[in-house]
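Examination of the molecular architecture
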Amino acid sequence: MDRLNPMDAQFVDAEDQDTQASFAIASIAVFEGPVPSYDEFLHAVQGRLARVPLYRRKLRTVPLHLGPPVWVDAPDFDLRYHVRQTAVPAPGGDVQLSNLMARVMGQRLDRDYPLWEYWLVEGLSGGRWALISKVHHCMVDGISGTDLYRVIFDSSPEPAPPMVEHRVVPPEPSALRLAVDASLDMLMRPVREALALTGVLSRPSEAARQVSDGWRALARLAGSAWPASGSSLSGPIGRPRRYTWARTSLDDVKTIKNELGGTVNDVVLAAISNGFRALLLSRGEQPGPHMIPSLIPVSVRAPGEESIYENRVSVIVANLPVHLSDPVAQLATVRGELSELKDSKEAAIGEALVGLGRFTPYPLASLAVRLVYRLPQREIVTVTTNVPGPRQPLYGLGRRLLEIIPYVPIASTLRTGVSIFSYCDQVTFGITGDYATTPDLEVLARGIEEGVAGLLEAARPVRHAHPARSGPGGRRGRAGGDGRAEGDGRAGGDGRARGEGPGKTVRRAVGAPVPPGKPEVSP
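Rules used in this analysis
Residues numbered from 1 in each chain as written. Predicted model: local features only at pLDDT ≥ 70, side-chain atom pairs only at ≥ 80, totals over all residues. Heavy atoms only, no water. Helix = DSSP H or I, 4+ residues; strand = E, 2+ residues; numbered from the N terminus. Buried < 20%, exposed > 50% of the residue type's maximum accessible area, 1.4 Å probe, protein only. Areas by Shrake-Rupley, 256 points an atom, 1.4 Å probe, with all protein chains shown as cover. Core = buried A, V, L, I, M, F, W, Y, C linked by side-chain atoms within 4.5 Å. Contact = heavy atoms within 4.5 Å. Patch = residues over 30% accessible without salt bridge, like charges linked within 9 Å, V, L, I, M, F, W, Y side chains within 5 Å. Salt bridge = Lys/Arg side-chain N within 4 Å of Asp/Glu carboxyl O. Axes fitted to C-alpha atoms, helices over the stretch in contact; angles between N-to-C directions. Parallel < 35°, antiparallel > 145°, perpendicular 65-115°, else oblique. Nonpolar A, V, L, I, M, F, W, Y, C, P; charged D, E, K, R; others polar. 1 Å grid on protein atoms, 1.4 Å probe; cavity = no way out; pocket = protein on both sides within 12 Å on 5 of 7 lines; lining within 4 Å. Points joined across faces, edges and corners; volume = space filled by probe spheres on them. Pairing = 2+ DSSP bridges. pLDDT = per-residue confidence, 0-100.

From N to C terminus, the protein includes 13 helices and 15 strands. Counting the 523 residues in the protein, one finds 52% classified as buried. Carbon and sulfur atoms provide 58% of the accessible area of the protein, an area that totals close to 21,800 Å².

So this is what it looks like as structure tokens:
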């Protein structure tokens, strides 16, 4: 029995309070054929479950909210409930796949069961098949969610042998035991606080530096709390979702950053800014300088902690420069904004505020989260997450994984969200929208691609102006040689397009969304 950490518990409390939100993160993994049978795929997942114990645990709430929810072993775990099979209608293209994804993600995960689902999707054109992975955000963040791919899939076409395990399921704890354990934990909290304070006082210079950084970050964070300028991008949302995506080449993104400066994260945020500008203009609204403040998750994981399946993130808030029409000016503004945020250590204060939850009695922390979600919110308009994915190809049942397309949840008054994921030589932007208020989500996707294309066009004259600048062996050097997406913001998808050469930004997704409904389930 393991308690949720404060941030994980916040996702549960927020979902309880926001009846229109589903706090599940997800992705679509598209594979080459042939399509495996349901039993074949089920057997493959069964052989990997020992690597992810959390997949066989369910969430239990503590009576009277005396403590955070806990993970307990599910005594009646049934893999067939979690591994589901469906098919998209003909012609089996991106339009049909995006419609299916929107329907799957419009449904909440049932807390009577472990909080995850796999959907084996047949019927894709070209003999391909897909896997939709859906996991509650209280289990993983973007980085640890990506690590699950390395656990479930293989790094070579030869599948790893299944793991043999001898699992003993302990009896499920009673409500009384949960309440008693939570009460004892609250009684020990003052002791933990005293020990933590002793540790801080033993390092006075470090403590002083942390306090100074904290005040600077708090001042910057307070400045970002002003309400955004009103627009159609913020307001009440419903339960159904729309979904689409855009693709571009990782080489193109890195060419832009190498020639125009910045990081991969700067480039993709500039492209997203162009997408939101296009969306506003298409709706007859004039983009303003403080119209799209974006919440940007930032990983605070230490190296080697990728396989710890819990949330270890902080957040920053950055204004996307939608008021600028020039893509180079957009990139320069994003670079300046993120550089200022980094210098102000806003992410550090976010991490510190999350850390306070470890010393705050859970009933008070839970009440605070629920109260926050009851208040009107105009300080944040969207969420943009960026997670670096594998640079080497992965395989599922011997089939090559072609692309990974990410999904980020939306809640409160955020009507859109964008997640960025890199895999091999491709970057994919997964775009989530509220069903009722974002019928034009395709405009945002096309605007993102046009933003990348505009930056690439601007970078080419720069490249030709100084051709002598190159890396070892005469080839142009690349910052971040491992190809992983770098930057301040991190969080969750990806893809590998066919037929794209260097210098091309290709769009191959989305279409008219379908009315809300429940997808077919064949457990």
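In this structure, Ile 28, Phe 41, Tyr 55, Val 83, Trp 116, Tyr 118 and Met 139 are the most contacted members of the largest nonpolar core, which totals 70 residues. For this core, the element with the most residues is strand β2 (residues 24-31), which contributes seven residues. Residue contacts for Phe 41: discarding those within four places in its chain leaves Val 83, Tyr 118, Leu 120, Trp 129, Leu 131 and Leu 397. Within the second largest apolar cluster, 44 residues are counted, among which are Val 268, Ala 270, Ile 316 and Ile 420.

Take a nonpolar patch on the surface next. Taken together, the side chains of Leu 176, Val 180, Leu 184 and Leu 187 present a nonpolar region at the surface, about 420 Å² in accessible area. Structurally, Leu 176 can be placed in helix α6 (residues 175-201). Residue classification places Leu 176 among the exposed positions, given a relative accessible area of 64%.

Bringing the packing of helix α8 (residues 250-260) against helix α9 (residues 264-282) into the picture now. Helices that pack against each other are described as a pair by the angle of their axes relative to one another and the distance between those axes. Across the interface, α8 lies against α9 with an axial gap of 9 Å and an inter-helix angle of 105 degrees. Taken together, the axes of α8 and α9 lie roughly perpendicular to each other. Seen from α8, the contacting residues are Val 253, Lys 254, Ile 256 and Lys 257; seen from α9, they are Val 264, Val 267 and Val 268. Partitioning the contact of α8 with α9 into residue classes produces five nonpolar, no polar and two charged.

Below, the discussion takes up unusual backbone geometry. Cis geometry is adopted by the peptide bond preceding Pro 34, which originates at Gly 33 and carries an omega value of 5 degrees. Summarising the element assignment, Pro 34 is placed in the loop between β2 and α2 (38-46). With an omega of 10 degrees, the peptide bond running from Ala 90 to Pro 91 counts as cis. Even without being a glycine, His 65 presents a positive backbone phi close to 55 degrees. When you line up the elements, His 65 lands in the loop between β3 (57-60) and β4 (70-73). Given a relative accessible area of 34%, His 65 falls into the partly exposed group. With a phi angle near 55 degrees, Cys 424 is a residue other than glycine that sits in the positive phi range. Within the fold, Cys 424 resides in the loop between β14 (416-423) and β15 (426-434).

So, on to empty space enclosed by the protein. Empty space within the largest cavity amounts to approximately 40 Å³. What lines the largest cavity is Gln 20, Ala 21, Ser 22, Met 105, Gly 106, Arg 239, Arg 241, Tyr 407, Pro 409 and Ile 410. The class makeup of the residues in the lining of the largest cavity is five nonpolar, three polar and two charged.

With nine of its nine residues buried, strand β8 (residues 241-249) lies for the most part within the structure. Alternating positions in β8 separate into two faces, Arg 241, Tyr 243, Trp 245, Arg 247 and Ser 249 on one and Arg 242, Thr 244, Ala 246 and Thr 248 on the other, with burial throughout. Looking at chain direction, β8 and β15 are connected through nine bridges and run antiparallel. Across the sheet, Arg 242 pairs through a bridge with Gly 433, a residue of β15.

For side chains bearing opposite charge, pairing can occur when the charged atoms are close. Summed over the entire model, instances satisfying the criterion amount to 16 salt bridges. Between Glu 172 and Arg 60 there is a salt bridge, with its nearest N and O atoms 2.7 Å apart. With Glu 172 in the loop between α5 (142-152) and α6 and Arg 60 in strand β3, the pair connects residues that are 112 residues apart, well separated along the chain. Judged by its relative accessible area of 30%, Glu 172 is partly exposed. The partner of Arg 283 in a salt bridge is Asp 440, with the nearest N and O atoms 2.8 Å apart.

Looking now at the sheet that holds β4. The sheet built from three strands is open, its strands ordered β1-β4-β3 with antiparallel pairing. For this open sheet the edge positions go to β1 (2-3) and β3, each flanked by a neighbour on one side alone. Of the pairings in the sheet, the one linking β3 to β4 comprises four bridges and is antiparallel in character. If you follow Arg 60 over to β4, its bridge partner there is Val 70.

This part is about the confidence of the model for the protein. The pLDDT averaged across the protein works out to 79; a share of 70% of its residues lies at or above 70. Low pLDDT, under 50, characterises residues 468-523; the stretch is placed with 180 contacts to residues that sit more than four places away or in other chains.

Tracing the sequence through the fold places Phe 31 in strand β2. A relative accessible area of 0% places Phe 31 in the buried class. Separated by 373 residues in sequence, Phe 31 and Ile 404 place their C-alpha atoms 9.3 Å apart. Those residues in contact with Phe 31 that lie beyond four places of it in its chain are Arg 128, Trp 129, Leu 131, Phe 153, Tyr 395, Gly 396, Arg 399, Arg 400, Leu 401 and Leu 402.

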